[in-house]
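# Observations on the three-dimensional arrangement
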Amino acid sequence: MTTYPSIADAAAALRAGEVTSVDLVEEALANADRLDGELGVFIRRFPEDARAAAQQADAELAAGQDRGPLHGIPLGVKDIIATVEAPATAQSLVLDPGWSTPEGDAPVVARLRAAGGIVVGKTSTYEYAIGFPDPEKPFPIPRNPWNVEHSPGGSSSGTGAGLPAGMFLGGLGTDTGGSIRIPAAYDGITGLKATFGRVPKSGCVPLAYTLDHIGPMTRSARDCALMLGVLAGHDVTDPYSSQRPVDDYAAALTGDLTGLRIGIDSLERTGDVADPGLPGVIAEARAVLVAAGAEVVDVQLPLYEELVTAQLITMAAEAATYHMPDLLTRWHDYGRGARAFIGGGVAYSATDYVQAQRVRRVGQQAVAQLFTRVDLVVTPTSSTGAFALADTKPTRMFEVMRGLHTQYWNSVGNPSLSVPWGFTATGLPLGMQITGRPFDEATVLRAGDAYQQRTDWHLRQSPLVQTVAA
């Protein structure tokens, strides 16, 4: 485990002269040397580039040039996002290696660098951010730091697994149906899917045009706020990018929830398999939120099954549209998981797709009505802990997804944060999902931070990391 478990802690230590950026990067690289072979976090590492950037960051701070809280901080970038160091692979044999070369740094990566962030490597993903890793393809199989026989969740698997292992202090993931929040829940970290359009997604290999998000993955809600303050904002290269002004997310973290009304939906009615300890976890979280000043009430998410179904149809149809030429000519170059899902998208008709968009619009209106009665909604991110890698068969993909509660919020686009809130009976992390009104990330992050100021789930260390540290 890294000496400084959060960006905020490391940033304070840098400015107090207790540590240097070179120290932070060297520790991150050493942790990767020790654990990456077991966890499969990286597709590609950039140790020499990172060392040079750390030296520059230290020199700038010494000269009085402070780029902000990400200055000198080691970061990981999911390998479907373009960077100058190496081509993005999307963990696929199909993607043209030259795709990302003219892209250079994606806008989000350029913003992180301008803020002083240091990219230490590209992190592993599910192929094209969908399906399960295929052991027959020449890419790492990412594993969960809490139990290496289990998945770290997808598709932002490497970023999710690398954070608790101290391989970087923050990272980028993408989220089309939960691919930031699922690894956050499974790996005991914090991850934010902001409002659709809040963060530009150009320079990223698409999965589904109207559902994709890029967002921060960190140890804490405070760190997510620091990263979002850099990532958010309009970019002309993304036609979906919002021109709405960016809030001061860090300033919103008061630690106090007085005046907020929070609705909790345990989603028990969906009939999904749930960990037996989940009701107790929810009850404890409710008590913490009340102690922080919030009024907590029970709610039911409207049109839950309909909006989840609409998300799945939209994702599959838009993915199949993007991949159709390669599906016709390079079917076997895709891994089994990716081709099972993407190929299935051709079964949906234009009528199915249009109807899914109508459902999404009706759902947005129903959710907006719910948010006239509450300020935030809390649900489980997943009703269970991480699934075993032995279960990652294409034919079981939808069965595994039934325990997840993330797709709903991609359908309607609201900002949604996953924070750790306990463990299963077998010691795997569980995540709480906090969702707010469109473009109200500040309140979502405020609630996550207030919860984390009163709990320590986000600071717990996995047995694997504890053993290495000892």
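In short, a report on the structure. (Residues numbered from 1 in each chain as written. Predicted model: local features only at pLDDT ≥ 70, side-chain atom pairs only at ≥ 80, totals over all residues. Heavy atoms only, no water.)

By the secondary structure assignment, Ser-179 is in the loop between strand S4 (170–174) and helix H6 (181–187). Distance in space between the C-alpha atoms of Ser-179 and Ser-157 is 8.2 Å, their sequence separation being 22 residues. When neighbours within four sequence positions are excluded, Ser-179 is seen to be in contact with Lys-78, Ala-129, Gly-154, Ser-155, Ser-156 and Thr-174. (Helix = DSSP H or I, 4+ residues; strand = E, 2+ residues; numbered from the N terminus. Contact = heavy atoms within 4.5 Å.)

Inside soluble globular proteins, nonpolar side chains tend to come together where they are buried. Grouped together as the largest cluster of nonpolar side chains are 102 residues, with contacts concentrated most on Ile-81, Leu-172 and Trp-421. Leu-163, Ala-165, Ile-189 and Met-217 belong to the second largest nonpolar core, which has 23 residues in total. (Core = buried A, V, L, I, M, F, W, Y, C linked by side-chain atoms within 4.5 Å. Buried < 20%, exposed > 50% of the residue type's maximum accessible area, 1.4 Å probe, protein only.)

Attention now goes to unusual backbone geometry. A cis amide bond links Gly-154 with the next residue in sequence, Ser-155, at an omega value of 5°. With respect to the secondary-structure elements, Ser-155 resides in the loop between strand S3 (118–123) and helix H5 (157–162). Located in the positive-phi region is Tyr-128, a residue other than glycine, with phi close to 50°. Take Tyr-128: its relative accessible area is 3%, and that puts it in the buried class. In this structure, Leu-303 is a non-glycine residue whose phi angle is positive, near 55°. By secondary structure assignment, the location of Leu-303 is in the loop between strand S8 (295–298) and helix H9 (304–329).

According to the stated counting rule, one finds 11 aromatic pairs in the structure shown. For the ring pair Tyr-126 and Phe-132, a centre distance of 6.0 Å and an interplane angle of 80° mean the geometry is edge-to-face. Its relative accessible area of 6% is what places Phe-132 among the buried residues. Connected via pairs of aromatic rings, a cluster forms that spans Tyr-126, Phe-132, Tyr-186 and Phe-387. (Phe/Tyr/Trp six-rings, centres within 6.5 Å; stacked < 30°, edge-to-face > 60°.)

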